[in-house]
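One-letter residues, chain by chain:
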Amino acid sequence: VLINLHGGGFVGCFTECGGLESVPMAALGGFRVVSVDYRLAPAAKAPEASEDVAAVYREVLKHTQPGSVGIFGCSAGGSLTLQSLSYFQQQKLPRPAAAGVYCAGSSFGGDSAILGGMLGDGDPPVAPRAASVPTTGYFRGVPLDDPVAYPGRSPKVLAQFPPTLVIVGTRDFALSGAVSLHSQLVANGVDARLHVWEGGRHAFFYDSRMPESREAYRVMTKFFADRLR
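Report follows, based on the coordinates. (Residues numbered from 1 in each chain as written. Predicted model: local features only at pLDDT ≥ 70, side-chain atom pairs only at ≥ 80, totals over all residues. Heavy atoms only, no water.)

Comments concerning the state of the cysteines
Counted under the stated rule, the structure contains one disulfide. Paired by a disulfide, Cys13 and Cys17 hold their sulfur atoms 2.0 Å apart. Between Cys13 and Cys17, the S-S dihedral sits near 50°, and the bridge is therefore right-handed. When its relative accessible area of 35% is taken as the criterion, Cys13 is described as partly exposed. Classification of Cys17 by relative accessible area gives buried; the value is 3%. Of all cysteine sulfurs, the one in Cys103 lies closest to Cys74, which takes part in no disulfide; the gap is 3.2 Å. (Disulfide = S-S within 2.5 Å. Buried < 20%, exposed > 50% of the residue type's maximum accessible area, 1.4 Å probe, protein only.)

A word on the environment of Cys17
Looking at where Cys17 falls in the secondary structure, it is placed in helix H1 (residues 17-29). For Cys17, the residues in contact, after removing those within four places along its chain, are His6, Gly7 and Tyr206. (Helix = DSSP H or I, 4+ residues; strand = E, 2+ residues; numbered from the N terminus. Contact = heavy atoms within 4.5 Å.)

Let's talk about the pairing of strand E5 (residues 164-169)
In terms of residue burial, E5 counts as a mostly covered element, since six of its six residues are buried. Neither face of E5 is exposed, since Thr164, Val166 and Val168 on one face and Leu165, Ile167 and Gly169 on the opposite face are all buried. Pairing geometry for strand E4 (residues 98-102) and E5, over four bridges, is parallel. Within the sheet, the bridge partner assigned to Tyr102 lies in E5 and is Ile167. Here six bridges tie E5 to strand E6 (residues 192-197), and the two strands are oriented parallel to one another. If you follow Val168 over to E6, its bridge partner there is Val196. Running through helix H6 (residues 175-187), the crossover from E5 to the neighbouring parallel element E6 is right-handed. (Pairing = 2+ DSSP bridges. Right-handed = clockwise from strand over helix to strand, strands pointing away.)

With respect to the packing of aromatic side chains
Inspection of the entire model under this criterion finds 14 aromatic pairs. Judged by centre distance (5.8 Å) and plane angle (85°), the ring pair of Tyr102 and Phe205 falls under edge-to-face. Of the two residues, Tyr102 is situated in strand E4 and Phe205 in the loop between E6 and helix H7 (211-227); the sequence distance between them amounts to 103 residues. Phe205 gets classed as buried once you look at its relative accessible area, which sits at 1%. The ring centre of Tyr150 lies 5.6 Å from the NZ or CZ of Arg153, which sits over that ring. (Phe/Tyr/Trp six-rings, centres within 6.5 Å; stacked < 30°, edge-to-face > 60°. Lys NZ or Arg CZ within 6 Å of the ring centre and 35° of its normal.)

Thoughts on the packing of helix H2 (residues 48-61) against helix H3 (residues 76-90)
Where H2 meets H3, the axes come as close as 9 Å, and the angle between the chain directions of the two elements is 70°. For the element pair H2 / H3, the angle class is roughly perpendicular. Of the two elements, H2 crosses H3, and the hand of that crossing is right-handed. On H3, the residues touching Ala49, Ser50, Glu51, Val53, Ala54 and Tyr57 of H2 are Leu80, Gln83, Ser84, Tyr87 and Phe88. (Axes fitted to C-alpha atoms, helices over the stretch in contact; angles between N-to-C directions. Parallel < 35°, antiparallel > 145°, perpendicular 65-115°, else oblique. Left-handed = near helix turned anticlockwise from the far one by under 90°.)

Side note on unusual backbone geometry
The peptide bond linking Ala41 to Pro42 adopts the cis configuration, its omega dihedral lying at 10°. Mapped onto the secondary structure, Pro42 falls in the loop between strand E2 (33-36) and H2. Although it is not a glycine, Lys92 sits at a positive phi angle of roughly 60°. Position of Lys92 relative to the elements: it lies in the loop between H3 and E4. A positive phi angle is found at Ala203, which is not glycine, with a value near 60°.

Right under this line is the structure:
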């Protein structure tokens, strides 16, 4: 069983956004996939989406062993995958067998955030400023040292992650965060794999007509098939 967390910046997503990620995994890998319709901002704030994912995970565990469960998502769904794994630890839930973090990472900053904007993705460059607690959006009022909202800031949390597949493209504004996440996971002893597609934009594999998309899904399905019992 795979638990899929759709993207959309924690504020929404177009119709069947989750289907774009979950249907290919079910069709190509033969997995049962549950795509979670988690709560979104502005009505919701962290960690409510992680609470929703945990509720789904608890239901899955009623009929499936954790060693047979994987979790994955793209963009905000990739970030939520990280946050949910941290929340599982906090709630003392068993660790799933594997995780997929796509088009996301330990942050959305770095060089790629600027270059991605120039290439048509992400936001335009802004002047550097000191990190501060967000006052709006899904993370409003959440301290920057909260390990559920910001698991990349906690080596202790990252060290408990399951084998993790990180996928990103060279033109993705999330490239820097994804590379950083992979380095952090490896440094903390996690079996982490990084695959980067040349010319790939944010969520490039959503277009299943592209050869690169098919390559990415082959990597995803094999990664989970090799690790789920």
